[in-house]
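This is what each chain is made of:
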Amino acid sequence: MDKQILTDHIAGTLAGMVLGDAMGVPGELWPREKLRERFHDITTFLDGPADNIVACYFKAGHYTDDSSQAFVILDDLLRYGRVPEVKVLASDLIAWVKSMNGFEINLLGPSSKAALLAHVNGEDYTRYTRTALTNGAAMRIAPVGCFFNPSEIASLTRTVAKVSSVTHATDVALAGASMVATAVCCGLYGLSRDETCDRIFEAYARALPLGERTWAASIQARFKLALEKLAAQPDEEEFSLWVYEVLGTGTMTSESVSAALAIAFFSDDVHQLAHLCANLGGDTDTIGAMACAMAGSRVGISAFKSEVIDYLEKTNGLNFRALANDILTARDTFVKE
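Rules used throughout
Residues numbered from 1 in each chain as written. Predicted model: local features only at pLDDT ≥ 70, side-chain atom pairs only at ≥ 80, totals over all residues. Heavy atoms only, no water. Buried < 20%, exposed > 50% of the residue type's maximum accessible area, 1.4 Å probe, protein only. Helix = DSSP H or I, 4+ residues; strand = E, 2+ residues; numbered from the N terminus. Arc of directions from axis to C-beta. Contact = heavy atoms within 4.5 Å. Polar contact = N/O pair within 3.5 Å; in protein donor to acceptor, adjacent residues only side chain to side chain. Axes fitted to C-alpha atoms, helices over the stretch in contact; angles between N-to-C directions. Parallel < 35°, antiparallel > 145°, perpendicular 65-115°, else oblique. Left-handed = near helix turned anticlockwise from the far one by under 90°. Nonpolar A, V, L, I, M, F, W, Y, C, P; charged D, E, K, R; others polar. Disulfide = S-S within 2.5 Å. Phe/Tyr/Trp six-rings, centres within 6.5 Å; stacked < 30°, edge-to-face > 60°. Lys NZ or Arg CZ within 6 Å of the ring centre and 35° of its normal. Salt bridge = Lys/Arg side-chain N within 4 Å of Asp/Glu carboxyl O.

K.L.:
Can you walk me through helix α2 (residues 32–39) in this structure?
P.N.:
Along an α-helix, a turn takes 3.6 residues, which lines up residues three or four apart on a common side. Burial in α2 covers these residues: R32, L35 and F39. On an axial view of α2, the arc spanned by its buried residues comes to 65°, and they lie on one face. Buried residues belonging to α2 abut α13 (236–247), α15 (270–278) and α16 (284–299).

Printed below as a string of structure tokens:
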């Protein structure tokens, strides 16, 4: 594949992740009705409201813990040329949490917080990872998909499992994260919708046995239901309400990853998807980060509005294309599981 095109699509993955994350801040974890009553229609980047106990720490255009953790993971992959040991991932994630005073404020999801505190205290962290049903593994996994091609799904799922094991080790968490990373991988290479779905389902099947068995609902079944809904070509508001009411938009992997996959396949307009996610209700920033990363991998950063990219890069001190070049260089020697 042409390296310039691949770089553009890797950069689109990272830009999409940050776009969806930052747009989703204001109404994070608010019910749809409350979000709509307060904001009516979120069309731009806004500060997290003071009375939103999760979003109040974030200013307009800044990404949240979703992208922060993704960049910690990405930095480790680039630094070591492979997935480092759990203690290294834990140490680096803990350093970031402490830099944000994250153990004291309402920054982390419950599974990640419990597992990372166990690492801090020298306790058995697997007590928490073996029961983690939340979306902490999937929300930060998009950059991992950028290291693989679509013929490497088995290796991709093993790598996702190792990356995730620091905080999540259940079947649903690993399957959800693997599906997101696979969608990114397929998007980079321009696979068709049907080809991408086939590989997403392959990733789901391969990832489930790698994790602790749980009673969580099937993301595959929910995604298939979404594909049937999409075939009817609903408009944005109709589809948004359907996702909210039927798939769910909570912090459980079975809800938020199902929602993000559905939304990622709704449109190739990443700005429309960021808008949809921001006004969805529920875990808006996490669903936005995942959905827009998957869509961004398909369309590339060249399809984004230049003023939006400039704003996000300036606000967050990022250079998406430079990061993409770093990933492209590292791919040649990256040691896969």
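K.L.:
I would appreciate a short explanation of the side chain of T167 in the present structure.
P.N.:
With respect to the helices and strands, the residue T167 is situated in the loop between α9 (153–164) and α10 (171–188). We classify T167 as buried; its relative accessible area is 0%. Within polar-contact distance, the side chain of T167 engages the side chain of R140 at 2.6 Å. A polar contact of 2.7 Å, which involves the side chain of T167, links it to the side chain of H168. Residue contacts for T167: discarding those within four places in its chain leaves S111, S112, A115, L116, T129, A132 and R140.

K.L.:
Honestly, the packing of helix α12 (residues 219–231) against helix α14 (residues 253–264) in this entry has me stumped. Any pointers?
P.N.:
Helix-helix packing is characterised by the crossing angle of the two axes and by the distance between the axes. At their nearest, the axes of α12 and α14 sit 9 Å apart, and the two run at 30° to each other. It follows that α12 is roughly parallel to α14 by the angle criterion. As α12 runs across α14, the sense of the crossing is right-handed. Residues I219, R222, F223, A226 and L230 of α12 lie in contact with α14, whose contacting residues are T253, S254, E255, V257, S258, L261 and A262. For the contact of α12 with α14, the per-class residue count stands at seven nonpolar, three polar and two charged.

K.L.:
Got a minute to help me understand the state of the cysteines in this structure?
P.N.:
Disulfide: a covalent bond connecting the sulfur atoms of a pair of cysteines. Evaluation of the coordinates by the stated rule reveals zero disulfides. Free of any disulfide, C186 has its nearest neighbouring cysteine sulfur in C185, separated by 5.1 Å.

K.L.:
In this structure, what is going on with the environment of L174? I would like to understand it.
P.N.:
Mapped onto the elements, L174 comes out in helix α10. Separated by 34 residues in the primary sequence, L174 and L208 place their C-alpha atoms 6.8 Å from one another. Beyond its immediate chain neighbours, meaning those up to four positions away, L174 contacts V160, A161, S164, H168, A169, A207, L210 and G211.

K.L.:
Whenever I open this one, unusual backbone geometry confuses me. Can you help?
P.N.:
Positive phi is not limited to glycine here, since H40 has a value of about 65°. Within the secondary structure layout, H40 lies in the loop between α2 and α3 (65–80). Phi angles above zero are rare outside glycine, and Q233 is one such case at about 55°. Take Q233: it is sitting in the loop between α12 and α13.

K.L.:
Teacher, can you tell me more about the packing of aromatic side chains here?
P.N.:
Here the distance between the centres and the angle between the planes together describe a pair of aromatic rings. Per the counting criterion, the structure on display carries eight aromatic pairs. An aromatic cluster is built from F201, F223 and F265, whose rings are joined through pairwise contacts. Lying over the aromatic face of Y244, R32 brings its terminal NZ or CZ to 5.7 Å of the ring centre. Over the aromatic face of F265 sits the side chain of R298, whose NZ or CZ is 5.8 Å from the ring centroid.

K.L.:
Any chance you could explain the environment of L280 here in plain terms?
P.N.:
With respect to the element layout, L280 can be found in the loop between α15 and α16. Judged by relative accessible area, L280 falls into the buried class, the value being 0%. Spatially, the C-alpha atom of L280 lies 25 Å from that of G145, the residues being 135 residues apart in sequence. When near neighbours in sequence (up to four residues on either side) are disregarded, L280 contacts R32, S240, V243, Y244, T249, I263 and I287.

K.L.:
Can you help me understand the packing of helix α11 (residues 193–207) against α12 in this one?
P.N.:
With their axes 10 Å apart at the nearest point, α11 and α12 run at an angle of 165° to one another. The orientation of α11 relative to α12 falls into the category roughly antiparallel. Crossing of α11 over α12 shows left-handed handedness. Here R193, C197, I200, F201 and Y204 of α11 come into contact with α12, specifically with I219, Q220, F223, K224, L227 and L230. Per-class residue counts for the contact of α11 with α12 are eight nonpolar, one polar and two charged.

K.L.:
Would you mind going over the side chain of T170 with me for this structure?
P.N.:
The topology assignment puts T170 in the loop between α9 and α10. Of the residues examined, T170 reaches a relative accessible area of 0% and is grouped as buried. A distance of 2.6 Å separates the side chain of T170 from the backbone oxygen of A132, its partner in a polar contact. The contacts of T170, once residues within four sequence positions are left out, are T129, R130, T131, A132, L133, G211, E212 and T214.

K.L.:
Which parts of the structure should I look at to understand the pattern of salt bridges?
P.N.:
If charged atoms from side chains of opposite charge come close, those side chains can pair. Taken as a whole and assessed by the stated rule, the structure comprises twelve salt bridges. With a closest N to O distance of 3.0 Å, R32 and E237 form a salt bridge. With R32 in helix α2 and E237 in helix α13, this pair connects stretches of sequence that are 205 residues apart. Its relative accessible area of 6% is what places R32 among the buried residues. By sharing partners, the salt bridges in this structure join D75, D76, R79 and D92 into a single network.

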